[in-house]
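The chain contents come next:
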Amino acid sequence: MSSEHNHPHDDHAPIVCDEKPGYYEILEISIRELLIERGLLAASEIRDQIEILDSLSPVHGSKLVVRAWKDEAFKQRLLENGVTGALEMGITIYDDTDFTVLENTENIHHMVVCTLCSCYPRAVLGLPPDWYKNKQYRSRAVIEPRAVLAEFGTIIPDDIEIRVNDSTANLRYMVLPVRPKGTEDYTDEQLIGLVTRDTMIGVKVPTV
Amino acid sequence: METIEHNPAKFAVGDEALVAQKFPIGHYRVPMYMRGKKVRILRRLGKYINPETEAFGKNAGDKLWCYLVTITQIELWPAYQGKAIDKLEIEIFEPWLEPVKLSTNEQ
């Protein structure tokens, strides 16, 4: 052990980074370095943006859902226009997309996917999970949604319609799940705890 | 003041349309699995910058109508294993939609 690295810590395999960068990684580095070289972007601006993206979390979405559960008029406004509805709660849809809320009911269960890439309502849900960007999920969610949901542990009864929303252009979807029965006396904090990221993608339903 | 819409939407809510079966090279927001499928217009979403030219850095302000369309899973995948009530919704730009022509048998 070198004198530079003598602090105690848990055993782990050494972290090595010996993979050669791929084509697109080299392309990204080249474009980024050119933008910086030409003075069009500063390295700190890129780092700032990454920090903002990393700091976003699904709790914005959870708060929208809980307010919609408790306030029927707000729910209607949110369903009518997701962008202005979110703004009422101080959430700005910063990427100029049409934030769209899909209401689950006793008869309809929505499930969101982006088969072409990884379109996701980042302003309200943060960064998408790895599985959302995975080709397996992206292809199978549209072909066999019930089987994919079952693998997530979510069994949707046969008489409930599954509605898959493939996000391909300007809309960014968030599912408004059904409020579970028996939560009438829950506080806002308790309700927010039920509305996890996956319930707003539509691969899970909130349960008590 | 009366304004003239120079680029009116070609499809109305409830209309049926066929997703074009074309395979050009470039940047397209129509997944392969939708091509050639018959859909129903659910909503006119409005006009948006054409992603097919925007992808190449061109934006002359040309905006295209975009629609939210629906199709049943069984029409989409003949071997669909789920339920007959299951559906899929997707956004399609107008140049990718063609009117459904009645066949001679139906006329």
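Preceding this paragraph is the structure being described.
Keep in mind the model is a prediction, meaning the values are calculated, not measured. (Residues numbered from 1 in each chain as written. Chains lettered and ligands numbered in written order. Predicted model: local features only at pLDDT ≥ 70, side-chain atom pairs only at ≥ 80, totals over all residues.)

## Notes on the overall build of chain A
What chain A contains, in helices and strands, is eleven helices and four strands. Once the C-alpha set of chain A is aligned to its principal axes, its extents read approximately 60 × 40 × 40 Å. Looking at chain A as a whole, 32% of its 208 residues qualify as buried. A separation of at least 24 residues holds for 70% of the contacts in chain A among residues at least 6 apart in sequence. (Helix = DSSP H or I, 4+ residues; strand = E, 2+ residues; numbered from the N terminus. Buried ≥ 20, exposed ≤ 12 C-beta atoms within 10 Å, placed from the backbone. Contact = placed C-beta atoms within 7 Å.)

## Quick look at the interface of chain A and chain B
Of the residues lining the interface, 18 residues belong to chain A; the matching set on chain B comes to 18 residues. When contributions to the side of chain A that touches chain B are tallied by element, the ones reaching two or more residues are α8 (135–143), α9 (145–151) and β3 (161–166) of chain A. Top element by residues in the side of chain A that touches chain B is β3 of chain A. It accounts for six residues. A breakdown of the residues in the side of chain A that touches chain B according to their chemical character gives eight nonpolar, four polar and six charged. As judged from the four bridges shared by β3 of chain A and strand β4 (residues 87–93) of chain B, these two strands associate in the parallel manner. Paired with Asp166 of chain A across the bridge in β4 of chain B is Ile90 of chain B. (Nonpolar A, V, L, I, M, F, W, Y, C, P; charged D, E, K, R; others polar. Pairing = 2+ DSSP bridges.)

## With respect to the sheet that holds strand β3 (residues 63–72) of chain B
In spatial order, the strands read β2(A)-β3(A)-β4(B)-β3(B)-β2(B)-β1(B)-β5(B); together these seven strands make up an open sheet with mixed pairing. A strand with exactly one partner marks an edge of an open sheet, and here the two such strands are β2 (108–113) of chain A together with β5 (97–99) of chain B. Within this sheet the neighbouring strands show an average axis-to-axis angle of 35°, counted without direction. As paired strands, strand β1 (residues 16–19) of chain B and strand β2 (residues 38–49) of chain B are joined by three bridges and run antiparallel to one another. Residue pairing in the sheet places Ala17 of chain B in a bridge with Val39 of chain B of β2 of chain B. Sheet strands in contact with α8 of chain A are β2 and β3 of chain A together with β4 of chain B, and its direction is about 150° off that of β2 of chain A. (Axes fitted to C-alpha atoms, helices over the stretch in contact; angles between N-to-C directions.)

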